[in-house]
Amino acid sequence: MTLEELVPCDSSKMRAVSEAVERVLVAAQRQDRLTVGVYESAKLMNVDPDSVVLCLLATDEEDEGDIALQIHFTLIQAFCCDNDIHILRVSGMQRLAAILGEPEPGAEPRDLHCLLVTNPHTDAWKSQGLAEVASYCAESRDKNQWVPYVCLQER
């Protein structure tokens, strides 16, 4: 049984959280508060973990068999839990790529498996979408689901 089978992607709560995640990603990218890639994310969390407010771990079915990626995810999840960083598993890599925009022609494709949203210490950046996502993460933890799941909706 997969995670997607346990958590229905078509519930109204899932759609609302999915839309909130999309708003957070668009705003964070526009304001240069988004770190993309497993390696880049690990570097940032090592240097300034207090600036990270949300970690998204994105996979699709074809990634489930990638043992190296799953090990990275396990380590990132542990770090996020130890540092009180909201963490969310996301499916829908094509939708994620569409939200963040395609890379420049001729450029290497980006590693979208790990995304960090940061909140600089100098600015009290408030986002309704971020509040919704944080609330969903907290509700999930209260139900002993430490890494909640969201299915990004194709449009």
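Bear in mind the structure is a predicted one, so any value in this text is a computation, not a measurement.

**Topic: the overall build of the chain**
In step 1: Scanning the chain from N- to C-terminus turns up six helices and five strands.
In step 2: N-terminal to C-terminal, the α/β element order of the chain is α-α-β-α-β-α-β-α-β-α-β.
In step 3: The buried share of the chain, taken over its 155 residues, is 47%.
In step 4: Within the chain, residue pairs in contact and separated by at least 24 positions form 81% of the contacts whose partners lie at least 6 positions apart.
In step 5: When the accessible surface of the chain is summed, it comes to about 8600 Å², and 52% of that surface belongs to carbon and sulfur atoms.

**Concerning the pairing of strand 4 (residues 114–118)**
Along a regular strand, successive side chains alternate from one face of the sheet to the other.
In step 1: Burial analysis of strand 4 places five of its five residues in the buried class, the great majority of the element.
In step 2: Neither face of strand 4 is exposed, since C114, L116 and T118 on one face and L115 and V117 on the opposite face are all buried.

**Side note on the packing of helix 2 (residues 12–30) against helix 5 (residues 93–100)**
In step 1: Across the interface, helix 2 lies against helix 5 with an axial gap of 10 Å and an inter-helix angle of 40°. With respect to the hand of their crossing, helix 2 and helix 5 are arranged in right-handed fashion. Where helix 2 approaches helix 5, its residues E22, L25, V26 and Q29 are matched on the opposing element by R95, L96, I99 and L100.
In step 2: For the contact of helix 2 with helix 5, the class distribution of residues is five nonpolar, one polar and two charged.

The rules behind the values
- Residues numbered from 1 in each chain as written.
- Predicted model: local features only at pLDDT ≥ 70, side-chain atom pairs only at ≥ 80, totals over all residues.
- Heavy atoms only, no water.
- Helix = DSSP H or I, 4+ residues; strand = E, 2+ residues; numbered from the N terminus.
- Buried < 20%, exposed > 50% of the residue type's maximum accessible area, 1.4 Å probe, protein only.
- Contact = heavy atoms within 4.5 Å.
- Areas by Shrake-Rupley, 256 points an atom, 1.4 Å probe, with all protein chains shown as cover.
- Axes fitted to C-alpha atoms, helices over the stretch in contact; angles between N-to-C directions.
- Left-handed = near helix turned anticlockwise from the far one by under 90°.
- Nonpolar A, V, L, I, M, F, W, Y, C, P; charged D, E, K, R; others polar.

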